[in-house]
Amino acid sequence: MLLDQTGKPIGSNVAASSTPCVVSATTTASTVTGCNSAGSAGAYTFGPFVPQAGYPVRLVSTGVWAGSMAVGTSVDSCATVNPLTVAGTSWGTYTGNANEAVDVPPTTGGVAYCLSVTVTSGTLNAALRQ
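My aim in this report is to walk through the structure given alongside it, one point at a time. Quantities reported herein were computed from a predicted structural model and do not represent experimental measurements.

**Comments concerning the overall build of the protein**
For the protein, the count of helices and strands is 0 helices and 10 strands. Starting at the N terminus and ending at the C terminus, the protein contains elements arranged as β-β-β-β-β-β-β-β-β-β. The long-range share in the protein, meaning contacts at least 24 apart out of those at least 6 apart in sequence, stands at 70%. With an accessible surface of roughly 6800 Å², the protein has 56% of that area assigned to carbon and sulfur atoms.

Given below as structure tokens:
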């Protein structure tokens, strides 16, 4: 079996082994599976989501909601969240539902992904997964 530089089998359909961070948030409460939640009154930070190297990190969100959400990285379990950027420009910031890959981590360990959410109305359901 041939492996790429991350150790992932080339040409296979091997799934990532990371645990998804699944969240639901409103202006008054949040619930999570596979990660932690901090914050209240519609402003939350969810994570850490610890991805497996070489697989895209995907943000999937649904619901009828207003507000914003942003994917960031952290080296301290989402106590401090650094924004994702591409060439110095903000990346991974949304005001509506999304289903897209936001990053591909080149290495495992040290860096986790976090989801910062502000919900001004409705219910946002989101997940960081691979």
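**Points about unusual backbone geometry**
Peptide bonds are mostly trans, and most non-glycine residues show a negative phi. The amide bond that connects Gly-47 to the next residue, Pro-48, takes the cis arrangement and shows omega of 0 degrees. Checked against the element boundaries, Pro-48 lands in strand 4 (residues 43-49). Notably, Ala-41 is not glycine yet its phi reads approximately 55 degrees, a positive angle. Within the fold, Ala-41 resides in the loop between strand 3 (36-40) and strand 4. Of note, Cys-78 is a non-glycine position whose phi angle comes to about 75 degrees, a positive value. Its place among the elements puts Cys-78 in the loop between strand 5 (57-74) and strand 6 (82-86). The buried category is assigned to Cys-78, whose relative accessible area is 10%.

**Comments concerning the environment of Gln-52**
In this structure, Gln-52 sits in the loop between strand 4 and strand 5. According to the relative accessible area criterion, Gln-52 is partly exposed, its value standing at 25%. Along the sequence, Gln-52 and Gln-130 sit 78 residues apart, while their C-alpha atoms lie 8.0 Å from each other. Discounting chain neighbours no more than four positions away, the residues touching Gln-52 are Ala-15, Ala-16, Ser-17, Ser-18, Pro-105, Thr-108 and Gln-130. A distance of 2.6 Å separates a polar atom in the side chain of Gln-52 from the backbone nitrogen of Ser-17.

**Section: the pairing of strand 2 (residues 30-33)**
As paired elements, strand 1 (residues 21-25) and strand 2 share 4 bridges and run antiparallel to each other. Paired with Val-23 across the bridge in strand 2 is Val-32. Linkage of strand 1 to strand 2, two consecutive antiparallel strands, is achieved through a turn of 4 residues.

**Focus on the state of the cysteines**
Within this structure, the stated rule accounts for 2 disulfides. The residue that forms a disulfide with Cys-21 is Cys-35, at a sulfur-sulfur distance of 2.1 Å. Taking the sign of the S-S torsion, 60 degrees for the link of Cys-21 and Cys-35, the bridge is right-handed. Of this pair, Cys-21 sits in strand 1 while Cys-35 sits in the loop between strand 2 and strand 3, and the two are 14 residues apart along the sequence. Residue Cys-35 is classed as buried on the basis of its relative accessible area of 10%. The residue that forms a disulfide with Cys-78 is Cys-114, at a sulfur-sulfur distance of 2.1 Å. Disulfide Cys-78-Cys-114: the torsion about the S-S bond is -95 degrees, which places it as left-handed.

Parameters and conventions
- Residues numbered from 1 in each chain as written.
- Predicted model: local features only at pLDDT ≥ 70, side-chain atom pairs only at ≥ 80, totals over all residues.
- Heavy atoms only, no water.
- Helix = DSSP H or I, 4+ residues; strand = E, 2+ residues; numbered from the N terminus.
- Contact = heavy atoms within 4.5 Å.
- Areas by Shrake-Rupley, 256 points an atom, 1.4 Å probe, with all protein chains shown as cover.
- Buried < 20%, exposed > 50% of the residue type's maximum accessible area, 1.4 Å probe, protein only.
- Polar contact = N/O pair within 3.5 Å; in protein donor to acceptor, adjacent residues only side chain to side chain.
- Pairing = 2+ DSSP bridges.
- Disulfide = S-S within 2.5 Å.

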